[in-house]
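Below are the chains, spelled out letter by letter.
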Amino acid sequence: MKPTVLFSEMTPGVDWEEQFNEWYDTEHIPIRMQVPGFCCARRYKHVDAKGYLAVYEMEHRGVLQSEEYRMIKENPSELTKWMLQNVTGFTRYTGELISEQINQAFAGDPYDAPILYAVMFTVPEERESEFDEWYIQDHVPTLLKNPDWYACRRYRIFSGEPENWTHLALHYLANVNVLDCEERKEARNSPWRARLAQESWFKGRYTIYEKIKTFHAKV
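The following paragraphs examine the structure supplied in this document. (Residues numbered from 1 in each chain as written. Predicted model: local features only at pLDDT ≥ 70, side-chain atom pairs only at ≥ 80, totals over all residues. Heavy atoms only, no water.)

Within the protein chain, the regular secondary structure consists of 6 helices and 8 strands. The order of α-helices and β-strands along the protein chain, N terminus first, is β-α-β-β-α-α-β-β-α-β-β-α-α-β. On the principal axes, the C-alpha backbone points of the protein chain span a range of 55 × 35 × 35 Å. Within the span of the protein chain, comprising 219 residues, buried residues form 51% of the whole. Of the contacts made within the protein chain by residues no fewer than 6 positions apart, 79% connect residues no fewer than 24 positions apart. Carbon and sulfur atoms provide 49% of the accessible area of the protein chain, an area that totals close to 11000 Å². A gap of 1 Å separates the mean positions of the 26 positive and 34 negative side-chain charges of the protein chain. (Helix = DSSP H or I, 4+ residues; strand = E, 2+ residues; numbered from the N terminus. Buried < 20%, exposed > 50% of the residue type's maximum accessible area, 1.4 Å probe, protein only. Contact = heavy atoms within 4.5 Å. Areas by Shrake-Rupley, 256 points an atom, 1.4 Å probe, with all protein chains shown as cover. Lys, Arg positive; Asp, Glu negative; His and termini not counted. Charge placed at Lys NZ, Arg CZ, Asp CG, Glu CD.)

In structure tokens, the structure reads:
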């Protein structure tokens, strides 16, 4: 069994954004943290647009098929029903861990970084092997030469909407300025990336978020 992530975005209305955040912090996430197999959840806000992101970490994908989780999904509160019916910008992607690379120069918990940089790709099955090799052997090692690029976790998406993304990379950064660093320029100019970038499928979604809060499962 592989560690699993649930990546979900929602955008509340401006006039009920405060109520949305209170609901998410006091009901939506806490009730999931009681489900066996849920490890933690982190909430984020979009840096360049409206809306919010929640990233849930689980022990394995079977947690989402468990009786405890099914009961939550099938018996929402009236407030939860209203929120889910009225939010916009909804996304939901679940994936299993492919790789995890951490900057050894950073002594703290890299996954509580202030900034999350998420990258999604739709990779043809016959190109997955080289895509993963490029990311693991070339791309991420170059990025991690910057001390403020804390870590990268990558996932193979097995379920998702509304787009058909197949790969998710979560980059954990000290600040947004890291995205303008020389190491990223070097990574984006590598010969290996240049070869892949010539292929028609090599078009990703790039989104920046700032962390709001971390929630941990009750032991």
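Next comes the rest of the write-up.
Among the secondary structure elements, Ile115 is positioned in strand 5 (residues 115-121). Taking the C-alpha atoms as reference points, Ile115 and Pro191, separated by 76 residues in sequence, lie 28 Å from one another. Among all residues touching Ile115, those that are not within four sequence positions of it are His171, Tyr172, Leu173, Asn175, Val176, Ile208, Tyr209 and Glu210.

Attention now goes to the nonpolar core. Membership of the largest hydrophobic core comes to 24 residues, with the highest contact counts inside it found for Tyr117, Phe131, Trp134, Tyr135, Trp149, Leu173 and Phe202. Contributing elements (two or more residues each) for this core: strand 5, helix 4 (128-143), strand 6 (149-161), strand 7 (167-173) and helix 6 (191-197). Residues contacting Tyr135, with those up to four places away along its chain left out, are Gln101, Val119, Val140, Pro141, Cys152, Arg154, Ala169 and His171. (Core = buried A, V, L, I, M, F, W, Y, C linked by side-chain atoms within 4.5 Å.)

What follows deals with the packing of aromatic side chains. Per the counting criterion, the structure on display carries 22 aromatic pairs. Each member of the aromatic cluster is reached from another via a ring pair, and the members are Tyr117, Phe121, Phe131, Trp134, Tyr135, Trp149, Trp201, Phe202 and Tyr206. Residue placement shows Lys45 over the ring face of Tyr52; its charged tip is 5.4 Å from the ring centre. Sitting over the face of the ring of Tyr135, Arg154 holds its NZ or CZ atom 4.5 Å from the ring centroid. (Phe/Tyr/Trp six-rings, centres within 6.5 Å; stacked < 30°, edge-to-face > 60°. Lys NZ or Arg CZ within 6 Å of the ring centre and 35° of its normal.)

It is worth spelling out empty space enclosed by the protein at this point. Scanning the model with the defined rule gives 1 cavity of 30 Å³ or more in all. Taken as a whole, the largest cavity spans an internal volume of roughly 110 Å³. As for the largest cavity, its lining consists of 14 residues, and the residues nearest its centre are Val119, Tyr135, His139, Arg188 and Tyr206. Those elements that provide at least two residues to the lining of the largest cavity are strand 5, helix 4 and helix 5 (182-188). Broken down by element, the lining of the largest cavity gets its largest block of residues, 4 residues, from helix 4. Of the residues contributing to the lining of the largest cavity, the split by class is 9 nonpolar, 2 polar and 3 charged. (1 Å grid on protein atoms, 1.4 Å probe; cavity = no way out; pocket = protein on both sides within 12 Å on 5 of 7 lines; lining within 4 Å. Points joined across faces, edges and corners; volume = space filled by probe spheres on them. Nonpolar A, V, L, I, M, F, W, Y, C, P; charged D, E, K, R; others polar.)

What follows covers the layout of surface pockets. Where empty space is left becomes clear once a probe the size of a water molecule has been rolled over the atoms. Approximately 320 Å³ is the volume found for the largest pocket. Surrounding the largest pocket, 20 residues form its lining, His28, Arg32, Lys73, Thr80 and Leu84 being those nearest its centre. Class assignment of the residues belonging to the lining of the largest pocket gives a composition of 10 nonpolar, 5 polar and 5 charged.

This paragraph deals with the environment of Met58. The topology assignment puts Met58 in strand 3 (residues 52-58). A residue is classified by how much of its surface remains accessible, and Met58, at 2% relative accessible area, is buried. Through-space distance from the C-alpha of Met58 to that of Met33 is 9.9 Å; in sequence the pair is 25 residues apart. Not counting chain neighbours up to four residues away, the residues in contact with Met58 comprise Pro3, Thr4, Val5, Leu6, Gly37, Phe38, Cys39, Val63 and Leu64.

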